[in-house]
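# Chains, contacts and geometry: an overview
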Amino acid sequence: MSRRSGIYYAAGVVTVLTLLTFKRLLFPGESEAHTQPKRKKALFFGDSITQHGLNPSINGWLCQFADWWTRRVDVINRGFSGYNSRWGVLIVDEVVVSENPDIVFVFFGANDAVDTWVGQHVPLVEYKSNMEKIFDTLQTKLPKAKLVIITPPPIWEEKLEEMNRAKGRHPTLDRTNERTLQYANVCKDLGAKRGIPVVDAWTSMEGNNVNRANFLSDGLHLNSAGNTKLFKAARAVVSRYYPEFTQEALPMHMMEW
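Okay, so let's go over this structure. Given the structure is predicted, the values throughout are model-derived calculations rather than measurements.

Criteria and thresholds
Here the residue numbering is sequential within each chain, running from 1 through the sequence in written order. Selection of residues for local features in this predicted model requires a pLDDT of at least 70, selection of side-chain atom pairs for listing and counting requires 80 or more, and totals for whole chains, interfaces and linings are taken over all residues. The basis for every side-chain value is the complete set of non-hydrogen atoms in the structure, without hydrogens or water. Throughout, exposure labels follow a simple rule: accessible area from a 1.4 Å probe, protein chains only, divided by the maximum for the residue type, with under 20% read as buried, over 50% as exposed, and the rest as partly exposed. Secondary structure follows DSSP: runs of H or I at least 4 residues long count as helices, runs of E at least 2 residues long count as strands, and numbering of each begins at the N terminus. Should DSSP find at least two bridges between two strands, the strands are regarded as paired. A clockwise path from the first strand over the helix to the second, with the strands pointing away from the viewer, defines a right-handed crossover. Take the residue count of a helix, subtract one, and multiply by 1.5 Å to get its expected span. By definition, residues are in contact when any of their heavy atoms lie within 4.5 Å. Geometry is summarised by axes, namely lines fitted to C-alpha atoms with helices restricted to the contacting stretch, and by angles between N-to-C directions that run from 0 to 180 degrees. If you view the pair so one helix is near and one far, a crossing is left-handed when the near helix is turned anticlockwise from the far one by less than a right angle, and right-handed when it is turned clockwise. Three classes are used: nonpolar for Ala, Val, Leu, Ile, Met, Phe, Trp, Tyr, Cys and Pro, charged for Asp, Glu, Lys and Arg, and polar for all others, with Gly counted as polar. Picture the helix axis, draw a direction to every C-beta atom, and the arc is the one those directions span. Polar contact is defined as a pair of N or O atoms within 3.5 Å, subject to the rule that within protein one atom must be able to donate a hydrogen and the other to accept it, and that residues adjacent in sequence are counted only when both atoms are side-chain atoms. For this analysis, a ring pair means two rings from Phe, Tyr or Trp (six-membered ring only for Trp) whose centres lie within 6.5 Å, classed as stacked if their planes differ by under 30 degrees, edge-to-face if by over 60, and tilted for the remaining angles. What sets the label is the angle itself: under 35 degrees gives roughly parallel, over 145 gives roughly antiparallel, 65 to 115 gives roughly perpendicular, and the rest give oblique.

### Section: the pairing of strand 1 (residues 40-46)
- For strand 1, the tally of buried residues reaches 5 of 7 residues, placing the bulk of the element in the interior.
- The sheet contact formed by strand 1 and strand 2 (residues 73-79) spans 7 bridges and is parallel. Paired with Lys41 across the bridge in strand 2 is Asp74.
- One ladder, built from 5 bridges, connects strand 1 with strand 3 (residues 103-107); its direction is parallel. The partner of Phe44 across the bridge, within strand 3, is Phe105.

### Concerning the pairing of strand 4 (residues 146-150)
- Most of strand 4 is tucked away, with 4 of its 5 residues classed as buried.
- In the classification by handedness, the crossover that spans strand 3, the intervening helix 5 (residues 124-141) and the parallel strand 4 is right-handed.

### Considerations on helix 7 (residues 177-194)
- Its 18 residues place the ends of helix 7 26 Å apart at the C-alpha level, agreeing with the 26 Å of an ideal helix rising 1.5 Å per residue.
- Among all positions in helix 7, only Asn177, Arg179, Thr180, Tyr183, Ala184, Val186, Cys187, Leu190, Gly191 and Arg194 are buried.
- Where helix 7 ends, the next residue or the one after it, Gly195, has phi of about 70 degrees, a positive value.

### Some words on unusual backbone geometry
- For Arg71, which is not glycine, the phi torsion reads 60 degrees and is therefore positive.
- One can find Arg71 in the loop between helix 3 (61-68) and strand 2.
- On the basis of relative accessible area, Arg71 is assigned to the partly exposed category, the value being 26%.
- Here Met254, not a glycine, exhibits a phi torsion of approximately 70 degrees, which is positive.
- You can see Met254 is positioned in the segment after helix 9 (224-241).
- A relative accessible area of 42% places Met254 in the partly exposed class.

### Side note on the sheet that holds strand 4
- An order of 2-1-3-4-5 is seen for the 5 strands of this open sheet, with the pairing classed as parallel. One side of each edge strand has no neighbouring strand; the edge strands of this open sheet are strand 2 and strand 5 (198-199).
- In the packing of helix 7 onto the sheet, the strands contacted are strand 4 and strand 5, and the crossing angle to strand 4 comes to about 155 degrees.

### Examining the packing of helix 5 against helix 7
- Two elements in contact, helix 5 and helix 7, have axes whose closest approach is 10 Å; the angle formed by their N-to-C orientations is 35 degrees. Between helix 5 and helix 7 lies a crossing whose hand is right-handed. Contacts from Leu124, Tyr127, Lys128, Met131, Glu132, Phe135, Asp136 and Gln139 in helix 5 reach Gln182, Tyr183, Val186, Cys187, Leu190, Lys193 and Arg194 in helix 7.
- Broken down by class, the residue content of the contact of helix 5 with helix 7 amounts to 8 nonpolar, 2 polar and 5 charged.

### Quick notes on helix 3
- All of the buried residues in helix 3 are Trp61, Leu62, Gln64, Phe65 and Trp68. The arc that holds every buried residue of helix 3, seen down its axis, measures 155 degrees, which confines them to one face.
- Residues of helix 3 that are buried make contact with strand 1, helix 2 (48-51), strand 2, strand 3, strand 4 and helix 9.

### Here's the deal with the environment of Ala236
- Here Ala236 lies in helix 9.
- The sequence separation of Ala236 and Val199 amounts to 37 residues, and the corresponding C-alpha distance is 8.7 Å.

### Some words on the side chain of Thr246
- Residue placement: Thr246 occurs in the segment after helix 9.
- Looking at Thr246, its side chain comes within polar contact range of the main-chain oxygen of Pro243, at 2.8 Å.
- With residues up to four places along the chain from it excluded, the contact list for Thr246 reads Trp68 and Ser239.

### Concerning the packing of aromatic side chains
- All chains considered together, the criterion is met by 14 aromatic pairs.
- Ring geometry for Phe44 and Phe105: centres 4.4 Å apart, planes at 10 degrees, overall stacked. Here Phe44 is found in strand 1, whereas its partner Phe105 is found in strand 3, with 61 residues between them in sequence. Just as Phe44 is buried, Phe105 falls in that class too.

### Some remarks on the packing of helix 3 against helix 9
- It is the contact of helix 3 with helix 9, at a shortest axis distance of 8 Å, that shows an interaxial angle of 45 degrees. By the angle between their directions, the pair helix 3 and helix 9 is classed as oblique. For the pair helix 3 and helix 9, the crossing hand works out as right-handed. On helix 9, the residues that touch Trp61, Gln64, Phe65 and Trp68 of helix 3 are Asn227, Thr228, Leu230, Phe231, Ala234, Arg235, Val238 and Ser239.
- Taken together, the residues of the contact of helix 3 with helix 9 break down into 7 nonpolar, 4 polar and 1 charged.

On their own, these measurements won't tell you what the molecule is for.
Shown next, in the form of structure tokens:
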């Protein structure tokens, strides 16, 4: 940098600092931070499919949301492996309401839909009641928050049998795709009743045909393709029903350098 360029640079810095000083003197109640848009908070509440959503090795669907919302929305993962809607009711205040998020995605049902002899099983009628209770809490205590329901994804029984044999277990199935569909339909009915947008993961992953195997790593959890499919389906719902939360609509946090 030449001496002349250095003088110009120093003069520019002095000018900016002087203007900022005058601004603070003229508007003492206005801070620089106050003029910058705040980041929104998106909270994802569910089971292991949500917990694994921030795993980059499987192209986690929450990793993809975090990338889409970079410097715009903070992604909060509240996924709990093995949990069902019954346990979700018990912790919704502590892990969701306490965060005061701007948008909440609720994603239970995969574990509720296991067979009756498994401890995680929640009968269909109770599942519906539990989901109602979760959304009663959210709509009462977070009245400004946007809400989204995600249905459980499909099951691939053949892969589950294969995994059980590989682990030395009896191949008897504790999950079926047909039963999981019943729980997915509860989510869709609940969304229609309450006016809450629904991400139909079961249908988007082609739950009604053998192609669903392409989206599942072990017959239950999502592989990379499944994570991408879920992200795109959820992003489409956000874009349609909550366009103010799209990447294009949200300003970046803090000014560009």
